[in-house]
Amino acid sequence: MKKTKSKKKVVIIVLLSVIVLLLIGWWAFCVMMYNENFNVRCDSYEPLMLRTEDFDLLECKEYSFSSDNGQKLAGYLYSVGDNQHGIVVIAHGFGGGGHNSYMDVANYFASNGYYVFAYDVTGCDKSEGEGVGGVPQGVIDLDHAISFVEDNNEIPELPIMLFGHSWGGYCVCNVLNYHPEVKAVIECSGFNSSSDMFESGGKSQAGNVIYAMTPFIKIHERFKYGKYASNTAMDGFENTDASILVLHSADDNVIDIEYGYDKYYEKYKDDPRFTFIRFEDRGHNEVFNNPDNTYKDEFNAEFDKWLESLDYDYKAEENKERFREDKAKYITENLDHAKWSTRLDEELFVQFLDFYNTAIK
């Protein structure tokens, strides 16, 4: 009898040990996949970068400020003229480099009465860091950016507004947990919790397996980032009186609308503090560009013709470096920067501007 009980204990111990080892192995795999996707450097593609000189009258002053581990972040104060009545802080998205892709946004607000402070997140463009680290790092860096703006004697003390897209959309909402003094927030194509970005982006690659990975990603982020990972955008909404504008497109295939807009709309649709703008067919990266502006499509069509004209296999590994150089040269010589830098939906941005102006009356 004793031997039978002993054998049962051994079997149970072995089974539990196997389960624990499998869980640890799965956790390690999930963290590895997370790091491969998010703990990477994100640098802008130089031939397509926007330039200050692309915009009439736009001025830029560069700054450097520290984030959580002492890493230096590159900051940029944009302005046009001297009659500003607020400061818009821009939080950029993930994967396309730093703030550069949003310089047209900075120019619009700077040309309409606001200073604009933009910055490159850890591991992006001119900021230090071997990689971004993880999704909550965006909130940490934004927290430090807002504090830098508020504490810098060279920057006038004016109402703070936030503008964020995608990852930046999540950040501008979450950071309200630490900066409830913010007057207004425009969140475009964002999400509610840090793990949402991994889950939404991973569904197309891993299918339903992503749902088995997400709990381990949440644990990893909370171990690494603490409160910055555990707080959500909706926590931020409850921590402030700021006016909130949420914009998303139903066909967004990068951040599904269910991860942000739908959740917020369900809870706050009758709250006068919130404004909701829903599109059906603007996707993710083009969500606030003018859908009638065809320059990008025209350029891409000409680029495809150029690809067909090449006298070598540009996909072959041995031609990789040659193609990289030829592609950069083609874009540099053929991109019309005047058209490339003026693709915003002006009617939409008039709404954005009215939203900010109303918030600080």
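Heads up: these notes are all about the structure in this document. (Residues numbered from 1 in each chain as written. Predicted model: local features only at pLDDT ≥ 70, side-chain atom pairs only at ≥ 80, totals over all residues. Heavy atoms only, no water.)

**Focus: the overall build of the protein chain**
Part 1 of the argument: When helices and strands are counted, the protein chain shows 13 helices and eight strands.
Part 2 of the argument: With the C-alpha coordinates of the protein chain rotated into their principal frame, the extents come out at 90 × 60 × 40 Å.
Part 3 of the argument: Buried residues in the protein chain amount to 52% of all 361 residues.
Part 4 of the argument: A sequence separation of at least 24 residues applies to 77% of the contacts in the protein chain between residues at least 6 apart.
Part 5 of the argument: About 18000 Å² of surface is accessible on the protein chain, with carbon and sulfur atoms providing 51% of the total.
Part 6 of the argument: One way to put it: in the protein chain the 34 positive side-chain charges average out to a point 14 Å from where the 59 negative ones average out. (Helix = DSSP H or I, 4+ residues; strand = E, 2+ residues; numbered from the N terminus. Buried < 20%, exposed > 50% of the residue type's maximum accessible area, 1.4 Å probe, protein only. Contact = heavy atoms within 4.5 Å. Areas by Shrake-Rupley, 256 points an atom, 1.4 Å probe, with all protein chains shown as cover. Lys, Arg positive; Asp, Glu negative; His and termini not counted. Charge placed at Lys NZ, Arg CZ, Asp CG, Glu CD.)

**Some details on the packing of helix H3 (residues 137-151) against helix H4 (residues 167-174)**
Part 1 of the argument: Here H3 crosses H4 at 55°, and the two axes come no closer than 9 Å. As far as their axial angle goes, H4 and H3 are oblique. For H3 against H4, the interelement crossing comes out right-handed. Taking contact as the criterion, the partners of Gly138, Val139 and Leu142 in H3 are, on H4, Trp167, Tyr170, Cys171, Val172 and Asn174.
Part 2 of the argument: Residue composition of the contact of H3 with H4, by class: six nonpolar, two polar and no charged. (Axes fitted to C-alpha atoms, helices over the stretch in contact; angles between N-to-C directions. Parallel < 35°, antiparallel > 145°, perpendicular 65-115°, else oblique. Left-handed = near helix turned anticlockwise from the far one by under 90°. Nonpolar A, V, L, I, M, F, W, Y, C, P; charged D, E, K, R; others polar.)

**Let's talk about the nonpolar core**
Soluble, globular proteins show a tendency: their nonpolar side chains are buried together.
Part 1 of the argument: Phe117, Tyr119, Leu142, Leu162, Trp167 and Phe237 are the most contacted members of the largest nonpolar core, which has 62 residues in total.
Part 2 of the argument: The element that contributes the greatest number of residues to this core is H3, accounting for seven residues.
Part 3 of the argument: Other than its neighbours up to four places away in sequence, Trp167 contacts His92, Gly93, Phe94, Val121, Val132, Gly134, Val135, Gly138, Phe191 and Met197.
Part 4 of the argument: Met103, Val105, Met161 and Leu245 belong to the second largest nonpolar core, which has 49 residues in total. (Core = buried A, V, L, I, M, F, W, Y, C linked by side-chain atoms within 4.5 Å.)

**Here we look at a negative patch on the surface**
Part 1 of the argument: Residues Glu150, Asp151, Glu157 and Glu181 make up a contiguous surface patch of negative charge.
Part 2 of the argument: When you line up the elements, Asp151 lands in helix H3.
Part 3 of the argument: Given the relative accessible area of 60%, Asp151 is considered exposed. (Patch = residues over 30% accessible without salt bridge, like charges linked within 9 Å, V, L, I, M, F, W, Y side chains within 5 Å. Salt bridge = Lys/Arg side-chain N within 4 Å of Asp/Glu carboxyl O.)

None of this, on its own, says anything about what the molecule does.
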